Amino acid sequence: GGILVDLMVRDRDYRRSLVDSCHHQQECSDRNACDVELLTVGGFSPLEGFLNKDSYEHVVQHMRLPGSNLLLGLPVVLDTNNAAVREGQRVLLTYKGQQLAVLEVESKWVPNKTLETKLCYGTTSLEHPGTLMVATERGKYYLGGKVFGLDLPQRVFPCASPAHVRADLPMDTDVVAFQCRNPVHRAHYELFTRALHACNVRPGAVCLVHPTCGPTQDDDIPGIVRYHTYEVLKREIDNPNIKWAYLPYSMHMAGPREAIQHMIIRKNYGCTHFIVGRDMAGSKSSLTGEDFYGMYDAQEFAIKHAPELGMQAVPSLDVVYTEEAGYVTAAEAKEKGLHIKKLSGTKFRQMLRSGEEIPEWFAFKSVVEVLRKHAQHGKNGNSQ
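Parameters and conventions
- Residues numbered from 1 in each chain as written.
- Predicted model: local features only at pLDDT ≥ 70, side-chain atom pairs only at ≥ 80, totals over all residues.
- Heavy atoms only, no water.
- Core = buried A, V, L, I, M, F, W, Y, C linked by side-chain atoms within 4.5 Å.
- Buried < 20%, exposed > 50% of the residue type's maximum accessible area, 1.4 Å probe, protein only.
- Contact = heavy atoms within 4.5 Å.
- Disulfide = S-S within 2.5 Å.
- Helix = DSSP H or I, 4+ residues; strand = E, 2+ residues; numbered from the N terminus.
- Arc of directions from axis to C-beta.
- Axes fitted to C-alpha atoms, helices over the stretch in contact; angles between N-to-C directions.
- Parallel < 35°, antiparallel > 145°, perpendicular 65-115°, else oblique.
- Nonpolar A, V, L, I, M, F, W, Y, C, P; charged D, E, K, R; others polar.

**Some words on the nonpolar core**
A general trend in soluble globular proteins is that nonpolar side chains are found buried together.
No. 1: One finds Phe50 and Leu93 to be the most contacted residues of the largest nonpolar core, which totals 69 residues.
No. 2: Residues within four places of Phe50 in sequence aside, it is in contact with Asp35, Val36, Leu39, Val76, Val77, Leu78, Leu93, Leu103, Leu143, Gly144, Gly145 and Val147.
No. 3: Phe178, Ala198, Val232 and Trp361 belong to the second largest nonpolar core, which has 44 residues in total.

**Here's the deal with the state of the cysteines**
No. 1: Per the stated rule, a full pass over the model turns up zero disulfides.
No. 2: Considering cysteine sulfurs only, Cys34 is the nearest to Cys28, which forms no disulfide, with 10 Å between them.
No. 3: Among the residues examined, Cys28 registers a relative accessible area of 6% and is labelled buried.
No. 4: Cys159 provides the cysteine sulfur closest to Cys34, a residue in no disulfide bond, and the two sulfurs are 7.6 Å apart.

**Quick word on helix α4 (residues 113–121)**
No. 1: Inspection of α4 places Lys113, Glu116, Thr117, Cys120 and Tyr121 among the buried residues, and these make up the whole buried set. Looking straight down α4, one finds its buried side chains confined to an arc of 90°; they lie on one side.
No. 2: At its buried positions, α4 is contacted by α3 (53–62), α5 (129–136), β6 (141–149) and α9 (256–268).
No. 3: One or two steps after α4, the chain reaches Gly122, where phi turns positive at roughly 80°.

**Quick notes on the packing of α3 against α4**
No. 1: One way to put it is that α3 packs onto α4 with a least axis distance of 8 Å and a crossing angle of 45°. The orientation of α3 relative to α4 falls into the category oblique. Of the residues in α4, those in contact with Tyr56, Val60 and Gln61 of α3 are Leu115, Glu116, Leu119 and Cys120.
No. 2: Tallied by class, the residues present in the contact of α3 with α4 amount to five nonpolar, one polar and one charged.

**Thoughts on unusual backbone geometry**
No. 1: Here the bond from Ser45 into Pro46 is cis, since omega is 15°, no more than 30 degrees from zero.
No. 2: In this structure, Pro46 sits in the loop between α2 (30–41) and β2 (49–50).
No. 3: Although it is not a glycine, Lys96 sits at a positive phi angle of roughly 50°.
No. 4: You can see Lys96 is positioned in the loop between β4 (90–95) and β5 (98–109).
No. 5: A positive phi is found at Asp279, a non-glycine position, where the angle reads about 55°.
No. 6: Here Asp279 shows up in the loop between β10 (273–276) and α10 (297–309).

What follows is the structure in C-alpha cells.
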C-alpha cells in the first residue's frame, strides 16, 4: 500500500496554538468532512492537504500531480464563499460542533468550473450529478494548502483508517477490493466471491467489501441505511474470506476518472486488486436517462492505468440468475440456452413498498428486512 500520510496533530499544546492562530472559521459540508477525514487519515496519500491552484489545474487537465507526476483521478479541493479569507491565513474547519482541522491557506482562487467539469466528468451538463454538485453546491472560491488534523467526524457508522484496515488484513495475501454505494444483493455477492478466483488473483485471497458511506446521488439510499444493510449481511454470510470496512468518501459519479480515484484510495487501504464494475461510477442524464459513459469505459481506463498504480484491475463478471443453474455468467447462459430471471430495480422498490415477497435469488432476507423498516419509517415521516 505504500507510505501513509498521517496529518493528525496529537500534541495538546500545538493543537491549541493552531486553533488560536486561525483567522476564520468554516463549517464543512458532508462532502467537505469526508475529504478532510480522508486527508487526515491518509486515504488520499500522498496528499498532505487540499490542492493548491497549480496542482488543481494540473490534475484537472492531466490527471496527475505536478512534479511527482503521480496519478490522481479527481482534484481534492475545499470550497468557500468567504471573500475575506486571504492566502497565508489559517481557517478552522468545523463540522456539527466538532473542530476537525486547521487549513493553512496557500492558494485562493476562482476556479474555472466549466473546464473542471468538462475534463473531470466529461460534460458540462447540469443533468450530470457531479456537474450539478460543482455548479450549485460548491462555493465561489477554492482554497488549497496544508491540513492539520484535530479530530475525525463522529459517525453512526465507524470508518476504520487505512492503518487500521491494513492491520486487520492478512499478510502476504491478495486483497481484492469491492466498491459499492448501494445495498449488496445476491448478484453483487456472486461478483465479489467469484472475483477471488479470477486468473490474476492468487489462491487464498480475501475480499474487502468497502462501501462508500458519504453523500452520493440524491435518489440513493441514505448512508446510515446502507450501513445497517451491510452489518446484517456481514452476520448472515459469516464468511472469513470476506472482510468489511466503510469508506467516508462522497461519490462524484465521474466514471473512468473516479475509477482511478477509487483504486488510489483502496491501495492506501492495503488492497492489491480492485473489482471494476461495468459502468462503474456511471450516471445517467436526469432528463433523458441516457448514460454519460460507455458500459466498459471505466473498466478499460482502470486496466490501462493499473500497472502504474501498482494495482491489478479485476473486471466484474456479467452474472445472471437462471432457472436451471442458479447464477452463471451471461455468456454461459447464452451458450447453454438457459432461462434467465430478471427483476428490475424499479420493480424491486415497488415490491419493497407493497410488502410483496422478494425472491431470495435476488436479495438477502436480512437486507430486505432493513430496507423494509427504512421504507416504513419513511412513510411515517420518521426516516433515519
